[in-house]
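Secondary and tertiary structure notes
Here is how the chains run, residue by residue.
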Amino acid sequence: MKTDKVILGVLGGLAAGAIMGILFAPEKGKKTRKKIKNVSNDYADELKDKFDVALDTMSKKYDALKEEGQGLFNEGKSKFEKTKKDIENMDIKNINI
């Protein structure tokens, strides 16, 4: 998660810098607004792409953990069943208390 925050921070800083640069450029308001809109759309698209990649990565990790957890659960369950059968098959008369 730290890397995602750093990436978002860098993108936010770049966007703010680009917008400030455009605002202080000596051009007409209409051109400046158009540039701001284009830059904003570019950054929004880039941010959406990065978000999609991060979401896909988290989804894959979740699925892998879910599979691993299911495998561990099944392994524990089979060991429990084996132990249960072993106990049921024990000859209680031979146990000295």
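Below is a summary of the structure that appears in this document. It should be emphasised that the depicted structure is a prediction, and the values quoted were computed from it without experimental measurement. Every residue gets a number counted from 1 within its own chain, in the order that chain's sequence is written. Note on the predicted model: pLDDT of at least 70 is required for a residue's local features to be given, and 80 or more for side-chain atom pairs to be given and counted; whole-chain, interface and lining totals, by contrast, use all residues. Side-chain descriptors were evaluated using all non-hydrogen atoms of the structure, hydrogens and water having been removed beforehand.

Turning next to the pattern of salt bridges. Definition used for salt bridges: Asp or Glu carboxyl oxygen within 4 Å of a side-chain nitrogen of Lys or Arg. Tallied over the full model, the rule gives four salt bridges. Notably, a salt bridge pairs K82 with D86, separated by 3.1 Å at the nearest N-O pair. With K82 and D86 both in helix α2 (residues 29–89), this residue pair falls four residues apart, about one helical turn. We count a stretch as a helix when DSSP gives it H or I for four or more residues in a row; a strand needs E for two or more, and each element gets its number in order from the N terminus.

Next up on the list: the environment of A18. Take A18: it is sitting in helix α1 (residues 2–23). In what follows, residue pairs with any heavy atoms lying within 4.5 Å of each other are defined as contacts. Beyond its immediate sequence surroundings of up to four residues, A18 is in contact with V39 and Y43.

Together, D42, D45, E46 and D49 make up a region of like negative charge exposed at the surface. Structurally, D49 is set in helix α2. The classification of residues rests on relative accessible area computed with a 1.4 Å probe and restricted to protein chains. Under 20% of the type maximum is buried, over 50% is exposed, and intermediate values are partly exposed. The partly exposed category is assigned to D49, whose relative accessible area is 49%. Every patch collects residues that have over 30% relative accessible area and no salt bridge, joining them within 9 Å if they carry like charges and within 5 Å if they are nonpolar side chains (Val, Leu, Ile, Met, Phe, Trp, Tyr). Accessible areas in this description were obtained via Shrake-Rupley with a 1.4 Å probe; residue shielding takes into account the shown protein chains only. The charge count treats Lys and Arg as positive and Asp and Glu as negative. His and the chain ends do not count. For the purpose of locating charges, the reference atoms are NZ of Lys, CZ of Arg, CG of Asp and CD of Glu.

Geometric values such as these leave the question of function open.
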